[in-house]
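# Coordinate analysis (summary)
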Amino acid sequence: MFEILLTEEIQAPSEVVWEVITNTAAYPQWNTFVVACESTFQVGDPIHMKVRVLPFMVQPQTETIWRNEPGRLLDYGIKAPLGALASTRQHRLSATPSGGTHYESLFRLEGWFSPVVGLLFGAQLRRGFGEMTRGIANRAMDVNAAVRA
């Protein structure tokens, strides 16, 4: 198994953070890892992305929405044949007592091929998911500040 778990305490309400995550049209403005994204976010529907795993290349990636609990959890991933590889990507949000959001970014690879993917692309995936997590936090705080102004 290969896993990346990142957390951020975001000084913006969870509704704002959720809007940042689901407003795919704005991804190019702040997301350096998933540079394009399109989905209905309905369970069972695809999520089409263009992902920059390597700095010099953007690759298409299509996954399936597994769970969507608006404002709390978005979960999607892939399942390759023969148990070779399965991924899950989760955005988890919970309100903090201060009115902000505790955000968890989870990416997990499982299956007999996951160690190979982790070895070949682990550093790039950690970089990308780290940039995306910080991007979500920064974008949410900017949007929240603009709404409050």
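Residues numbered from 1 in each chain as written. Predicted model: local features only at pLDDT ≥ 70, side-chain atom pairs only at ≥ 80, totals over all residues. Heavy atoms only, no water.

### Considerations on the overall build of the chain
Within the chain, the secondary structure is distributed over 3 helices and 7 strands. Shown N-terminal to C-terminal, the secondary structure of the chain runs as helices and strands in the order β-α-α-β-β-β-β-β-β-α. For a compact globule of 149 residues, the expected C-alpha radius of gyration is about 15 Å, and the chain comes in at 15 Å, within 12% of that figure. Referenced to the eigenvectors of the C-alpha coordinate spread, the extents of the chain come out at roughly 50 × 30 × 25 Å. Going through the 149 residues of the chain one by one, you find that 42% of them count as buried. Residue pairs in contact within the chain that sit at least 24 positions apart in sequence constitute 50% of those at least 6 positions apart. Of note, the chain has its 13 positive side-chain charges centred 4 Å away from the centre of its 14 negative side-chain charges. (Helix = DSSP H or I, 4+ residues; strand = E, 2+ residues; numbered from the N terminus. Rg over C-alpha atoms; globule rule 2.2 N^0.38 Å. Buried < 20%, exposed > 50% of the residue type's maximum accessible area, 1.4 Å probe, protein only. Contact = heavy atoms within 4.5 Å. Lys, Arg positive; Asp, Glu negative; His and termini not counted. Charge placed at Lys NZ, Arg CZ, Asp CG, Glu CD.)

### A look at the packing of aromatic side chains
A complete count under the given rule lists 4 aromatic pairs for this structure. Ring plane angle 80° and centroid distance 6.0 Å describe the contact between tryptophan 112 and phenylalanine 113, whose orientation is recorded as edge-to-face. A relative accessible area of 57% means that tryptophan 112 is categorised as exposed. A relative accessible area of 34% places phenylalanine 113 in the partly exposed class. An aromatic cluster of three or more residues is present, and its members are Phe33, Phe107 and Phe129. Cation over ring: lysine 79 sits above tryptophan 66, and NZ or CZ is 5.1 Å from the ring centre. (Phe/Tyr/Trp six-rings, centres within 6.5 Å; stacked < 30°, edge-to-face > 60°. Lys NZ or Arg CZ within 6 Å of the ring centre and 35° of its normal.)

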